[in-house]
Amino acid sequence: MTARVENRSRQRGIALPMALWVAMGLALLAAGIATTAEHAIHRQIGADQIAVARALLETGLSQGVMLAVHPDPARRLPANGTPRTVAEPEGTLTLWLWDEAGRMDLNRTPPARILAVAGALLPAADLSALTQALQRRRQTGEPWHSVLELGAALSPDGFARIYPCLTVHGPAMADGKLRLSAMAAGLRARWPGLAGLRDAGDAVALAGLGLMPGGPPSSLFTLRVAARTPDGALATAEAVVWITIQGAQAFRILEWREPAPEIRLMEEAS
């Protein structure tokens, strides 16, 4: 009789921890399911917000193109990389615009001039890599189709520094020369020989520096758009746009970059 009682006590002693273990397991399982569901909801909300931000990019593209050629100079988006913020019901847009006529063309600007500017922006390793990349393309005759191709040759920081200076969409009529009036201030400051020029309107002197004072109205731009929703979702893109009226089409996108590459503006890359 005593042995039977002891056996029952032992079974109860084993059953109690087992019951606690099962209860704990069920509690953890329920908590895990609740957490998973909560994360799924957050992911869905996040995905929805990102979709809203990406949809805003199209609005930003249209806004930027209209502002690039706005008839009122006071409202026109400056084509020198100065940011402008635009409030929309779905979120906030930040727009940057660059005139392609004021950037060095990888296919047309002499490599020596590109390297002279790069020497003031890049560390030695990146400058050497850029030199080799330019030499390879000129030797093989293979054109650059996008500035992004240069990213494989440089460090991320080096590419972010030189990227705002470059294009592959420079006006063909310029023959590699940059339009002085379209150059960003940081590029002007680093252009070899320009600081010592007495007359910035001297076309002959400018030509000797690989520049021209002016030209026809610009139609080729790089437009950078950042769209942010009130919940913090962010989408970015860059478009190289050719603004031309062809029937009902106001502009053509020559290159689309999404997300927009990381950049360091020349004013910051010192």
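All figures in this text were calculated on a predicted structure; none of them were measured in a lab.

1. Some remarks on the layout of surface pockets
Picture a little ball the size of a water molecule; that probe, rolled over the atoms, points out where space is still empty.
Thinking step 1. Estimates place the volume of the largest pocket at around 260 Å³.
Thinking step 2. When grouped by side-chain class, the residues that make up the lining of the largest pocket number 9 nonpolar, 3 polar and 3 charged.

2. A look at helix 2 (residues 111–118)
Thinking step 1. Taken residue by residue, helix 2 has Ile114, Val117 and Ala118 as its buried positions. Viewed along the axis of helix 2, the buried residues span an arc of 100°, placing them on a single side of the element.
Thinking step 2. Buried positions along helix 2 lie against strand 3 (104–105), helix 3 (124–140), helix 4 (156–162), strand 4 (166–167) and helix 5 (185–190).

3. Looking at the packing of helix 2 against helix 3
Thinking step 1. At a closest axis distance of 10 Å, the pairing of helix 2 and helix 3 adopts a crossing angle of 165°. By the angle class used here, helix 2 and helix 3 are roughly antiparallel. The chirality of how helix 2 crosses helix 3 is right-handed. From helix 2, Pro111, Ile114, Leu115 and Ala118 reach across to helix 3, where they touch Leu127, Leu130, Thr131, Leu134 and Arg138.

4. Concerning helix 3
Thinking step 1. In this model, helix 3 (17 residues) spans 25 Å end to end at C-alpha, consistent with the 24 Å of a helix rising 1.5 Å per residue.
Thinking step 2. In the stretch just after helix 3, Gly141 is the one whose phi turns positive, near 80°.

5. Regarding the nonpolar core
Thinking step 1. Counting residues in hydrophobic clusters, the biggest one holds 30 residues, and the most contacted among them are Leu150, Ile162, Leu166, Trp191 and Leu211.
Thinking step 2. Of all the elements in the fold, those that place two or more residues in this core are helix 2, helix 3 and helix 4.
Thinking step 3. The dominant element in this core, judged by the number of residues it contributes, is helix 3, at 4 residues.
Thinking step 4. Setting aside residues up to four positions removed in sequence, Leu166 forms contacts with Arg103, Met104, Leu106, Ile114, Val147 and Leu150.
Thinking step 5. Formed by 22 residues, the second largest nonpolar core is a distinct cluster that contains Ala53, Leu61, Val65 and Phe221.

6. Describing the pattern of salt bridges
As a working rule, side chains carrying opposite charge can pair if their charged atoms are close by.
Thinking step 1. The tally for this structure, following the rule as stated, stands at 10 salt bridges.
Thinking step 2. Notably, a salt bridge pairs Arg264 with Asp157, separated by 3.4 Å at the nearest N-O pair. Linking Arg264 in the segment after strand 9 (249–257) with Asp157 in helix 4, this pair joins segments that are 107 residues apart in sequence.
Thinking step 3. Here Arg264 falls in the partly exposed class, since its relative accessible area comes to 25%.
Thinking step 4. Salt-bridge contacts for Glu238 lead to Arg257; the nearest nitrogen and oxygen are separated by 2.9 Å. Of the two residues, Glu238 sits in strand 8 (residues 234–246) while Arg257 sits in strand 9, which places them 19 residues apart along the sequence.
Thinking step 5. Its relative accessible area of 0% is what places Glu238 among the buried residues.

7. Here's the deal with the packing of aromatic side chains
Thinking step 1. The tally for this structure, following the rule as stated, stands at 1 aromatic pair.
Thinking step 2. Aromatic side chains Phe159 and Tyr163 sit 5.3 Å apart centroid to centroid with 50° between the ring planes, which places their arrangement in the tilted category. Accessibility assignment for this pair places Phe159 and Tyr163 in one class, buried.
Thinking step 3. Above the ring of Trp144, the side-chain terminus of Arg137 is found at 3.9 Å from the ring centroid.
Thinking step 4. The ring of Trp96 carries the charged tip of Arg224 above its face, separated from the ring centre by 6.0 Å.

8. With respect to empty space enclosed by the protein
Thinking step 1. Scanning the entire structure with this criterion turns up 3 cavities of 30 Å³ or more.
Thinking step 2. For the largest cavity, the calculated volume is near 50 Å³.
Thinking step 3. Together, Glu100, Ala101, Arg103, Asp105, Arg108, Thr109, Gly170, Pro171, Ala174, Gly176, Lys177 and Leu178 line the largest cavity.
Thinking step 4. By volume, the second largest cavity amounts to about 50 Å³.
Thinking step 5. For the second largest cavity, the lining is made up of 11 residues, of which Trp98, Gly102, Arg103, Ala182 and Ala184 are closest to its centre.
Thinking step 6. When its residues are assigned to classes, the lining of the second largest cavity shows 8 nonpolar, 1 polar and 2 charged.

Definitions and limits used
Residues numbered from 1 in each chain as written. Predicted model: local features only at pLDDT ≥ 70, side-chain atom pairs only at ≥ 80, totals over all residues. Heavy atoms only, no water. 1 Å grid on protein atoms, 1.4 Å probe; cavity = no way out; pocket = protein on both sides within 12 Å on 5 of 7 lines; lining within 4 Å. Points joined across faces, edges and corners; volume = space filled by probe spheres on them. Nonpolar A, V, L, I, M, F, W, Y, C, P; charged D, E, K, R; others polar. Buried < 20%, exposed > 50% of the residue type's maximum accessible area, 1.4 Å probe, protein only. Helix = DSSP H or I, 4+ residues; strand = E, 2+ residues; numbered from the N terminus. Arc of directions from axis to C-beta. Contact = heavy atoms within 4.5 Å. Axes fitted to C-alpha atoms, helices over the stretch in contact; angles between N-to-C directions. Parallel < 35°, antiparallel > 145°, perpendicular 65-115°, else oblique. Left-handed = near helix turned anticlockwise from the far one by under 90°. Expected span 1.5 Å × (residues − 1). Core = buried A, V, L, I, M, F, W, Y, C linked by side-chain atoms within 4.5 Å. Salt bridge = Lys/Arg side-chain N within 4 Å of Asp/Glu carboxyl O. Phe/Tyr/Trp six-rings, centres within 6.5 Å; stacked < 30°, edge-to-face > 60°. Lys NZ or Arg CZ within 6 Å of the ring centre and 35° of its normal.

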